[in-house]
Amino acid sequence: MEKLTKPISLTPPLLLLLCIPLVLAGHDYGQALTKSILFFEAQRSGYLPHNQRVNWRSNSGLNDGKASGVDLVGGYYDAGDNVKFGLPMAFTVTMMSWSIIEYGKQMASSGELSNAMEAIKWGTDYFIKAHPEPNVLYGEVGDGNTDHYCWQRPEDMTTDRRAYKIDPSNPGSDLAGETAAAMAAASMVFRHSNPAYSSELLRHAYQLFDFADKYRGKYDSSITVAQKYYRSVSGYNDELLWAAAWLYQASGNHYYLDYLGRNGDSMGGTGWGMTEFGWDVKYAGVQTLVAKFLMQGKAGQHASVFEKYQQKAEYFMCSCIGRGGRNVQKTPGGLVFRQRWNNMQFVTSASFLATVYSDYLASSGKNLKCSSGNVVPAELLSFAKSQVDYILGDNPRATSYMVGYGNNYPRQVHHRASSIVSFKVNPSFVSCRGGYATWFSRKASDPNLLTGAIVGGPDAYDNFADERDNYEQTEPATYNNAPLLGILARLHGGHGGYNQLLPVVPTPTPVVTKPTPTPAPKPITNPAPVSSSSPVDIVQKMTSSWTAKGNKYYRYSTIVTNKSGKTLKDLKLSISKLYGPIWGLNKLDNVYGFPSWLSSLSAGKSIEFVYIHSADPADVSVSSYNLA
């Protein structure tokens with residue numbers, strides 16, 4: 001970056017209809033999703049993998065961390081420069097992970113889930129290296145001042161690659177907190193495909209949160225070279241709450257839920273009404289997650305506090321759609337506008353929150369409460385779509401602000417690697433100042449296409465100058481793209497009847513070197529995890545399977561039988577690991593009960609419910625019941 005920013009039965013045809021993605025008219029969101037993920041490969045530092053698709057890039061930063069006695073090879077360059085800044089990199093990984101957690105199914109239907117997971121793992125592999133001890137975290141490699149003095153390809157770097165860390169004597173609660181959030185969120189992404197890796201990420205997240213909470217301080221007071229570029233204007237309270245929310249979601253440990261309840265008022269979670277969300281200011285993100293917990297029925301004794309979080313979340317949402325007391329500024333063309341330097345970061349982040357909150361509300365059957373009155377959830381999704389469509393070309397200039405999408409997009413991107421001839425085409429060394437003289441000053445298109453990059457975007461009046469030295473508008477950043485992954489997946493894949501309040505974690509197909517057939521689950525008979533003397537018997541079996549859009553789906557039938565000699569009433573079932581639609585039960589907060597047409601089950605009688613998803617059977621158990 002170049003400048004500081006502020007803060008019970010169904011017929012098979014019907015089953016297939018449920019699985020066909022809903023493609024909204026207009027832009028090709030699937031193509032945009034593919035390109036937006038590809039951008040992260042151009043930002044990779046370290047040894048590039050054999051399946052690297054951005055083939056004009058080569059290895060770089062291979063001695064990172066060596067002078068400090070630690071291996072810091074890998075990770076991402078944040079924007080158009082060659083510095084690895086820990087805070088925005090961690091936020092990038094958190095937002096990519098959140099995108100998969102909410103919309104992994106839609107990504108899978110687009111064939112992009114494995115690519116998105118690889119993009120996350122490139123970041124988390126680096127974070128594991130950067131966290132060699134419980135209370136030590138390396139938060140920057142390189143120095144923005146010396147780096148910005150030079151215009152060199154990453155492969156040619158001659159700038160200072162010093163590594164900077166935080167520790168108990170030099171704390172950084174915001175940096176450690178955001179990295180904890182990234183590790184926790186990513187642990188959910190890999191839970192099914194790579195359980196050992198998921199556990200390792202969660203272990204790092206626990207340690208980083210403890211480090212952040214115990215040794216409090218702003219990271220840019222310890223890593224002072226970051227102040228000019230990624231100053232922590234909002235402080236660290238938002239990151240501590242943000243990390244706690246992600247750790248609760250990843251682990252289910254009520255310590256973190258209680259942390260949110262106890263500290264919501266004192267740390268600003270219930271007090272700050274925001275109109276921005278990004279790598280520095282996390283409050284709106286925290287408030288959105290806590291509102292989700294509340295709608296899931298998980299608030300418990302903290303319900304009154306969580307309701308205040310939700311009020312602030314809705315303050316943010318209402319401001320985005322122009323229905324609040326203090327609304328976000330927009331350009332004449334309708335784009336959210338906060339600042340002239342890299343404004344697009346706020347557009348994509350706000351649009352992501354609006355997208356997920358729209359689906360949370362729809363799943364709970366509620367409306368958004370704004371000062372102007374109630375608003376249906378679809379209006380939030382329409383807002384997000386309008387912002388994405390603007391980015392992709394529906395704007396007064398008819399310019400796509402995603403490089404490589406459409407016909408009219410930025411050609412002189414403020415990006416060292418894309419603006420200099422590829423190392424593979426001409427390996428001749430590009431010197432520090434020579435790069436400015438030869439390549440930066442060229443009034444021609446970049447020799448390398450930075451596919452998928454979201455640049456800084458237009459000014460407050462929709463004006464844009466496609467010039468390499470116009471870094472405020474033409475520089476891209478990883479945190480511009482990260483929130484966009486989820487929105488594009490949602491717009492391309494539709495909703496598909498998913499309940500966003502269910503504990504959904506995608507079950508991706510692991511990436512393998514050779515194609516190996518995945519065996520279908522065998523028909524099973526699983527008793528519920530209750531004692532043998534239980535009057536309620538639960539038996540599950542798979543009754544059918546089919547393939548739609550290249551994905552395998554299974555229909556499971558579950559029979560619940562009253563084995564007692566009495567009438568069974570008030571039955572409550574707990575169902576976890578459910579990743580698709582369910583029929584034949586009534587959802588009651590976080591449990592399931594009899595369908596609305598049935599109030600009890602006589603002795604010896606049974607009921608059946610069915611569900612469909614692309615994974616092993618859900619875990620079904622008895623939560624409570626009464627016998628009369």
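Scroll up a little and you will see the structure.
As a starting point, this report considers the structure included with it. Just so it is clear, the structure is predicted and the values come from calculations on it, not from any experiment.

### Section: the overall build of the chain
Part 1 of the reasoning: Check the secondary structure of the chain and you find 18 helices and 14 strands.
Part 2 of the reasoning: Counting the 628 residues in the chain, one finds 61% classified as buried.
Part 3 of the reasoning: Per element, the accessible surface of the chain, about 23200 Å² overall, is 50% carbon and sulfur.

### Points about the packing of helix α11 (residues 283-295) against helix α13 (residues 344-364)
Helix packing for two helices is described by the angle between their axes and how far apart those axes are.
Part 1 of the reasoning: One can describe the packing of α11 onto α13 by two numbers: an axis separation of 11 Å at closest approach and a directional angle of 15°. The orientation of α11 with respect to α13, classified from their angle, is roughly parallel. In the packing of α11 onto α13, the handedness of the crossing is left-handed. On the side of α11, the interface is formed by Ala284, Gly285, Thr288, Ala291, Lys292 and Met295, while α13 contributes Leu353, Val356, Tyr357, Tyr360, Leu361 and Ser364.

### Side note on the packing of aromatic side chains
Part 1 of the reasoning: Enumeration over the complete set of coordinates arrives at 30 aromatic pairs.
Part 2 of the reasoning: Relative to Phe352, the ring of Trp98 lies with its centre 5.0 Å away and its plane at 65°, an arrangement referred to as edge-to-face. In this pair, Trp98 is assigned in helix α3 (residues 86-109) and Phe352 in helix α13, connecting sequence segments 254 residues apart. Each member of the pair, Trp98 as well as Phe352, is classed as buried.
Part 3 of the reasoning: An aromatic cluster of three or more residues is present, and its members are Phe91, Trp98, Trp242, Trp246, Phe277 and Phe352.
Part 4 of the reasoning: If you follow Lys105 out to its NZ or CZ, it ends over the ring of Tyr498, 5.1 Å from the centre.
Part 5 of the reasoning: Note that Arg433 overlies the ring of Tyr149, its terminal NZ or CZ placed 4.2 Å from the centroid.

### Quick look at the sheet that holds strand β7 (residues 551-562)
Part 1 of the reasoning: An order of β6-β7-β13-β9 is seen for the 4 strands of this open sheet, with the pairing classed as antiparallel. Each edge of the sheet is formed by a strand with only one pairing partner; in this case those strands are β6 (536-548) and β9 (582-583).
Part 2 of the reasoning: As defined by bridge partners, β6 adjoins β7 across 12 bridges and the pair is classed as antiparallel. Across the sheet, the residue bridging to Ser544 is Arg555, located in β7.

### Considering the sheet that holds strand β2 (residues 137-141)
Part 1 of the reasoning: Strand order across the open sheet formed by 3 strands is β1-β2-β3, with antiparallel pairing between neighbours. A single partner strand is all that each edge strand has here, and the edge strands are β1 (84-85) and β3 (163-166).
Part 2 of the reasoning: Sheet topology places β1 next to β2; 2 bridges connect them, and they run antiparallel. Paired with Lys84 across the bridge in β2 is Val141.
Part 3 of the reasoning: Together, β2 and β3 form the strand contacts of helix α6 (residues 173-189), whose direction differs from that of β2 by roughly 100°.

### Let's talk about the pattern of salt bridges
Part 1 of the reasoning: Applying the stated criterion across every chain, the model contains 21 salt bridges.
Part 2 of the reasoning: One salt bridge in this structure joins Arg490 and Asp359, with 2.8 Å as the shortest N-O distance. Of this pair, Arg490 sits in helix α18 (residues 478-493) while Asp359 is found in helix α13, placing the two residues 131 residues apart along the sequence. The same class applies to Arg490 and to Asp359, which are both buried.
Part 3 of the reasoning: Three or more residues joined by partner-sharing salt bridges are found here, namely Asp64, Lys84 and Arg161.

### Some words on α6
Part 1 of the reasoning: For α6, built from 17 residues, the straight-helix expectation of 24 Å at 1.5 Å per residue is met to within 8% by its first-to-last C-alpha distance of 24 Å.
Part 2 of the reasoning: Burial analysis of α6 places 17 of its 17 residues in the buried class, which makes it a mostly covered element.

### Concerning the side chain of Arg57
Part 1 of the reasoning: Of note, Arg57 is situated in the loop between α2 (29-42) and β1.
Part 2 of the reasoning: One polar contact links Arg57 to Glu155, side chain to side chain, over a distance of 2.9 Å.
Part 3 of the reasoning: Sequence-distant contacts of Arg57, that is, excluding residues within four places in its chain, are made with Ala42, Gln43, Arg44, Leu48, Gln52, Tyr77, Pro154, Glu155, Ala417 and Lys424.

### Quick look at the state of the cysteines
Part 1 of the reasoning: A complete count under the given rule lists 2 disulfides for this structure.
Part 2 of the reasoning: Here Cys150 is linked by a disulfide to Cys432, with a sulfur-sulfur distance of 1.9 Å. Residues Cys150 and Cys432 are joined through a disulfide that is left-handed, its torsion about the S-S bond being -85°. Of the two residues, Cys150 is situated in the loop between α5 (144-149) and β3 and Cys432 in the loop between α15 (416-419) and α16 (434-440); the sequence distance between them amounts to 282 residues. Pair check on accessibility: Cys150 and Cys432 agree, each one buried.

Parameters at a glance
Residues numbered from 1 in each chain as written. Predicted model: local features only at pLDDT ≥ 70, side-chain atom pairs only at ≥ 80, totals over all residues. Heavy atoms only, no water. Helix = DSSP H or I, 4+ residues; strand = E, 2+ residues; numbered from the N terminus. Buried < 20%, exposed > 50% of the residue type's maximum accessible area, 1.4 Å probe, protein only. Areas by Shrake-Rupley, 256 points an atom, 1.4 Å probe, with all protein chains shown as cover. Axes fitted to C-alpha atoms, helices over the stretch in contact; angles between N-to-C directions. Parallel < 35°, antiparallel > 145°, perpendicular 65-115°, else oblique. Left-handed = near helix turned anticlockwise from the far one by under 90°. Contact = heavy atoms within 4.5 Å. Phe/Tyr/Trp six-rings, centres within 6.5 Å; stacked < 30°, edge-to-face > 60°. Lys NZ or Arg CZ within 6 Å of the ring centre and 35° of its normal. Pairing = 2+ DSSP bridges. Salt bridge = Lys/Arg side-chain N within 4 Å of Asp/Glu carboxyl O. Expected span 1.5 Å × (residues − 1). Polar contact = N/O pair within 3.5 Å; in protein donor to acceptor, adjacent residues only side chain to side chain. Disulfide = S-S within 2.5 Å.

Bear in mind that shape data such as this cannot, by itself, settle questions of function.
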